[in-house]
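Close look at the chain arrangement
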Amino acid sequence: MRENRGPWYLLTGLLFGAVIGLAYAWLVQPVRYTNTKPASLRPDFKDRYRALIALAYQTNDNLVRAKARLELLEDQDVYRALAEQAQRTLAGGGNVEEARALGALAVALGQAPPTVEPAPQNTGIPASTTAVISATQAITTPISISIEATPSLTITLDTSPNPTSTTIPLVTLLPTFTPLPTRTPTPTPGSPFVLRNQEQLCDPNLEEPLIQVQTIDSAGQPVPAVEVIVNWETGEDHFFTGLKPELGLGYADFSMTPLTNYTLRLANGGQPISGLSAPECEAQGGERYWGTWLLVFEQP
Amino acid sequence: MSRWVRFILAILLGIIAGLLYGWQFNPVKYVNTTPDSLGVDYKTDYVLMVSEVYTTEADLDLAARRLALLGGASPQESVNQAILFAESHGYTDADVSTMRKLLADLQLYRPAVGDAAP
């Protein structure tokens, strides 16, 4: 008598085959990316790449090139990424020059005029933008697509053994630049800031006592990248305005240790503000906490 | 068609489906790559940045450590490859010259004992 087991064996075979296929595709011979882009780098390598872009910008003063390089990292907000990294570098006791370069590039990007910049002759990066997608393992028809953009556009579709190559004259392959809004006016060079306001603030939401600094120009607009120096008996710290863009381009703050006296001055001159120590505040319930100093400097 | 033939065909169909899914629809994704896997054009630009920074910092140790991230046999080799790529892809003379300066200095470079890549 013939046993009727139905078509289930087909499903078993299908699943068995799928498992073999997946194991081969994921474990034995996964897709290999040998020509990755900077955007896929691990976050710490991205930070190093970004810092190098900023340091290179300090050397060559080429904002177009720096912008093109930053675009490779595909940050959602380039300005914020630079500013936050500068903050992290300073907070982590990292290289001050690096932090300064990151801050300077952030400010330069923020102040870029809202005009379309001329197409770069050669920014270094896209002199040849080559993207190669390889899937040449084990598959019977290797596919290799290569796109080159200098001085003509060459598209090669290689389906070995008979590769084809088409060269198209490069008519219009100019990069499109999105104009950035002007965020702040450039500070008047050489004009020292003067202290306009010194105020004690009591904000129970702040977790630690701060010295908050705001720098504004004569029009009341925030001025970024102003170096602030704080001294106390056993140390000194430097920081810059504009590195916390969410709080304003002219804003900077410093965390005080209670019961320590600080003197603050701006690096480009002006009067030093001494006798700054964490003020004591009292909440409605009688609870005491440390307050904050707000110093507003204005450029006449 | 016998039951065994259909069974084998089902396995083959499953393998094709698995490969298609694994390679095409949901391939292994590399999101935390290292600089040594960058494309040669990006590596060249990285070398150019290191060279540009070197012109002001003049710190060969630091430049070599930065170049070490690119993998390669040696920093000199990385710069050499970058120069070759730059020359064949229309980089400006100034950029190539900046990289050549770094290469020339690296050829005289002897790393101090105990230096480690960052």
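Residues numbered from 1 in each chain as written. Chains lettered and ligands numbered in written order. Predicted model: local features only at pLDDT ≥ 70, side-chain atom pairs only at ≥ 80, totals over all residues.

1. Considerations on the overall build of chain B
When its secondary structure is counted, chain B shows five helices and zero strands. Each of the 118 residues in chain B was classed as buried or not, and the buried ones make up 37%. Across chain B, every contact between residues at least 6 apart in sequence was considered, and the portion connecting residues at least 24 apart equals 63%. (Helix = DSSP H or I, 4+ residues; strand = E, 2+ residues; numbered from the N terminus. Buried ≥ 20, exposed ≤ 12 C-beta atoms within 10 Å, placed from the backbone. Contact = placed C-beta atoms within 7 Å.)

2. Brief notes about the packing of helix α2 (residues 40–57) of chain B against helix α4 (residues 75–88) of chain B
All names here are of chain B. Axis separation between α2 and α4 bottoms out at 9 Å; the angle between their running directions is 110°. The pairing of α2 with α4 is recorded here as roughly perpendicular in orientation. Crossing handedness for the pair α2 and α4: left-handed. From α2, Val40, Asp41, Lys43, Thr44, Val47 and Leu48 reach across to α4, where they touch Ser78, Val79, Ala82, Phe85 and Ala86. Among the residues forming the contact of α2 with α4, the class breakdown is seven nonpolar, two polar and two charged. (Axes fitted to C-alpha atoms, helices over the stretch in contact; angles between N-to-C directions. Parallel < 35°, antiparallel > 145°, perpendicular 65-115°, else oblique. Left-handed = near helix turned anticlockwise from the far one by under 90°. Nonpolar A, V, L, I, M, F, W, Y, C, P; charged D, E, K, R; others polar.)

3. Digging into the packing of helix α2 (residues 43–60) of chain A against helix α3 (residues 63–72) of chain A
Residues and elements named next belong to chain A. Across the interface, α2 lies against α3 with an axial gap of 9 Å and an inter-helix angle of 170°. Taken as axis vectors, α2 and α3 run roughly antiparallel relative to one another. Here Ile53, Tyr57 and Asn60 of α2 come into contact with α3, specifically with Arg65, Ala66, Arg69 and Leu70. Class assignment of the residues belonging to the contact of α2 with α3 gives a composition of four nonpolar, one polar and two charged.

4. Here's the deal with the environment of Gln76 of chain B
All names here are of chain B. Within the element layout of this structure, Gln76 appears in helix α4. You can call Gln76 partly exposed: it has 18 C-beta atoms within 10 Å. As a C-alpha pair, Gln76 and Leu106 span 30 residues in sequence and 6.1 Å in three-dimensional space. Ignoring any residue separated from it by four or fewer positions in sequence, one finds Gln76 in contact with Leu103, Leu106 and Gln107.

5. Some points on the interface of chain B and chain A
On the chain A side, the residues contacting the 43 residues of chain B number 44 residues. Those elements that provide at least two residues to the side of chain B that touches chain A are α1 (3–25) and α2 of chain B. When residues in the side of chain B that touches chain A are grouped by element, the largest group, 16 residues, is from α1 of chain B.

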